[in-house]
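Overview (structure and organization)
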Amino acid sequence: DDDDDDNRLQFQKFTNLETQLTQQWTACRMPSSTNTTQIVAFGPRSVGANMLLVRDDAMQSCAGLLRRLHAKIMPAVAVLADDDEDDDGDEHTQQYPLICEAMKNAFQSVTNKGPLCGEEMYGVAFVVDSVRIESNSVDVNVSSERAVPVVDTRLLTTNIMTTFREACIDSFLSCAPRLVEPMYKVSIQTSAEVLGAIYDVLQRRKGKVTGDSIVEGTTLFDIEALLPVIESFGFCDELRSESAGNVVPQLRFSHWSVIEQDPLWLPITPSDIEQYGNIAHRNQMSYKVHKYDYVKTLVQNVRKRKGLKTDIQNIVDAEKQSTLSRKK
């Protein structure tokens, strides 16, 4: 009886999860050809806000995440479904579980460290339309004892993971990705004489005032604002310096905000090229920074701090060049 109650509780949680996913699916206007049964994995660490979907019908039996959860909760129903769909298949059918695991491992790796800053991805869905195995694409060795073909699973898994990871990165960069940054909610109480100085400090640090009101019975003002966390270093000291100490700031985490600027933007039109210069490079990603480009500065600073590749050119060794004519 206790086991039956646990199974019913788990099945109810499973049903609620599937219902919530379906609702979010509709709200996000996902294509009609995709549905929640095609979800293979969440990432990173199998619990993140990113999804991997496989539309190929041949891989649904070994790839569908919701189906595997349903089989774990209600094994009797899963056995009946497997019996209905059981067939001999071709010689490559047994490679599908191996391919699926390699794709999931590559997906977890990509979502754990994105291509822009090496940080976790958020709100990204990768969709695999079909999986096809060519007859001569799998490396096969012949066993000396029984003279039967043996597939090198280690090499096959490595090749699939590498290829699938590169495909995920290329598809992600082609969809105009955006960065998200943490935001502080700032509460400031100050007098009316220094309101202008406080607004100037917030504007210089890319803060946004969300509201201000006077404290009843006093001459003090309460200011509510949002401030990027990266701009908060030295913020309190600058406020006290500009207001002669007549300010009491409080900072607490608020939310994550999407930066609308494109981190991969490059000038294409003649007017943009004239203003910013022709910085487009072929066959490589460009991180050259314009002094007013906020998001490119963030990407470059993060990559430099983590030791990732940037376009910064450092002079390692140089010799002084003499341009003066010598007296004869």
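See the structure printed just above.
The following refers to the structure shown. Starting afresh in each chain, residues are numbered from 1 along the sequence in its written order. Owing to the predicted nature of the model, reporting of local features is limited to residues with pLDDT of at least 70; listing and counting of side-chain atom pairs is limited to 80 or more, with chain, interface and lining totals taken over all residues. Each side-chain value is derived from all of the structure's non-hydrogen atoms; neither hydrogens nor water enter the calculation.

Turning next to the sheet that holds strand 1 (residues 39-43). A sheet is described by the order of its strands in space; here three strands give the open sequence 1-2-3, paired in mixed fashion. Lying at the two open borders of the sheet, with one neighbouring strand each, are strand 1 and strand 3 (125-128). The sheet shows a mean angle of 15 degrees between the axes of neighbouring strands, taken without regard to direction. The pairing of strand 1 with strand 2 (residues 50-54) spans four bridges and is antiparallel. In the sheet register, A41 faces strand 2, and the bridge partner there is L52. In this analysis, strands are considered paired if DSSP registers two or more bridges between them. Comment: elements are numbered from the N terminus, with helices defined as DSSP H or I runs of at least four residues and strands as E runs of at least two. In this analysis an axis means a line fitted to C-alpha atoms, helices contributing only their contacting stretch, and an angle means the value between N-to-C directions, from 0 to 180 degrees.

Expected span of a helix: the number of residues minus one, times 1.5 Å. The end-to-end C-alpha separation of helix 10 (residues 294-306) is 19 Å, in line with the 18 Å expected for 13 residues at 1.5 Å each. Categorising residues by exposure relies on relative accessible area from a 1.4 Å probe, with only protein chains included: less than 20% of the type maximum marks a residue as buried, more than 50% marks it as exposed, and the intermediate range marks it as partly exposed. Taken together, the buried positions of helix 10 are Y294, V295, K296, L298, V299, Q300, V302 and R303. Positive phi shows up at G307, right after helix 10, with a value of about 80 degrees.

To continue, consider the side chain of R303. Examined against the element boundaries, R303 turns out to sit in helix 10. Residue classification places R303 among the buried positions, given a relative accessible area of 9%. Pairs of N or O atoms are called polar contacts if they sit within 3.5 Å, as long as, within protein, a hydrogen donor faces a hydrogen acceptor (for residues adjacent in sequence, only side-chain-to-side-chain pairs). A distance of 2.8 Å separates a polar side-chain atom of R303 from the backbone oxygen of L116.

What follows concerns the packing of aromatic side chains. Stacked, edge-to-face and tilted labels apply to pairs of Phe, Tyr and Trp rings (six-membered ring for Trp) whose centres lie within 6.5 Å, assigned for plane angles under 30 degrees, over 60, and everything in between, in that order. In the structure shown here, the tally under the stated rule is two aromatic pairs. For the ring pair F107 and F126, a centre distance of 6.0 Å and an interplane angle of 80 degrees mean the geometry is edge-to-face. Residue F107 is located in helix 5 (residues 96-112), and its partner F126 is located in strand 3; the two are separated by 19 residues in the primary sequence. Look at F107 and you get buried, because its relative accessible area is 0%. Between F253 and W256, the aromatic rings sit 6.3 Å apart at their centres with planes inclined by 65 degrees, giving edge-to-face as the arrangement. Residue class for F253 comes out partly exposed when judged on its relative accessible area of 46%.

Before going further, it helps to spend a moment on the packing of helix 5 against helix 6 (residues 153-173). In the contact formed by helix 5 and helix 6, the axes pass within 8 Å of each other and the chain directions differ by 45 degrees. Viewed along their axes, helix 5 and helix 6 adopt a mutual orientation that is oblique. As helix 5 runs across helix 6, the sense of the crossing is right-handed. Together, L98, I99, A102, M103, N105, A106, F107, S109 and V110 of helix 5 and T153, L156, T157, I160, M161, F164, R165, C168 and I169 of helix 6 make up the contact between the two elements. For classification purposes, an angle smaller than 35 degrees is called roughly parallel, one larger than 145 roughly antiparallel, one from 65 to 115 roughly perpendicular, and anything else oblique. Helix crossings get a hand from a simple test, with the near helix turned counterclockwise from the far one by less than a right angle marking a left-handed crossing and a clockwise turn marking a right-handed one. Any two residues whose heavy atoms approach within 4.5 Å are treated as being in contact.

Time to look at helix 5. The end-to-end C-alpha distance of helix 5, which contains 17 residues, comes to 24 Å, matching closely the 24 Å that a straight helix rising 1.5 Å per residue would cover. Among all positions in helix 5, only Y96, I99, C100, A102, M103, K104, A106, F107, Q108, V110 and T111 are buried.

Position of S232 relative to the elements: it lies in the loop between strand 8 (220-228) and helix 8 (235-243). For S232, a relative accessible area of 14% gives the class buried. A distance of 2.5 Å separates a polar atom in the side chain of S232 from the backbone oxygen of V229. Sequence-distant contacts of S232, defined by excluding residues within four places in its chain, comprise Y184, R205, L227 and L251.

A few words on the packing of helix 7 (residues 195-204) against helix 8. Relative to each other, helix 7 and helix 8 sit at 150 degrees, their axes nearing to 9 Å. By the angle between their axes, helix 7 is roughly antiparallel relative to helix 8. Here helix 7 and helix 8 pass one another in a crossing that is right-handed. Listed contacts from helix 8 to A197, I198, V201, L202 and R204 of helix 7 are F235, E238, L239 and E242.

Each reported salt bridge corresponds to a side-chain nitrogen of Lys or Arg within 4 Å of a carboxyl oxygen of Asp or Glu. For the structure on display, the rule yields eight salt bridges. K306 serves as the salt-bridge partner of E119, at 2.4 Å between the closest nitrogen and oxygen. Within this pair, whereas E119 is found in the loop between helix 5 and strand 3, its partner K306 is found in helix 10, the two being separated by 187 residues in sequence. Classification of E119 by relative accessible area gives partly exposed; the value is 43%. Take K306: its relative accessible area is 36%, and that puts it in the partly exposed class.

Attention now goes to the pairing of strand 8. Both strand 6 (residues 180-191) and strand 8 contribute to a ladder of nine bridges, which runs antiparallel. Bridge pairing in strand 8 links K185 to L226. Looking at chain direction, strand 7 (residues 208-214) and strand 8 are connected through six bridges and run antiparallel. Bridging across to strand 8, V209 finds its partner in A225.

Turning next to the sheet that holds strand 9 (residues 247-258). On the basis of which strands lie adjacent, the open sheet formed by four strands has the order 7-8-6-9 and antiparallel pairing. The open sheet has two edge strands, strand 7 and strand 9, and neither has a second partner. Adjacent strand axes in the sheet meet at a mean angle of 15 degrees when their direction is disregarded. Each of strand 6, strand 7, strand 8 and strand 9 is contacted by helix 7, which is oriented at about 5 degrees to strand 8, the strand it contacts most. Along the sheet, helix 8 contacts strand 6, strand 8 and strand 9; its crossing angle with strand 9, the most-contacted strand, is approximately 140 degrees.

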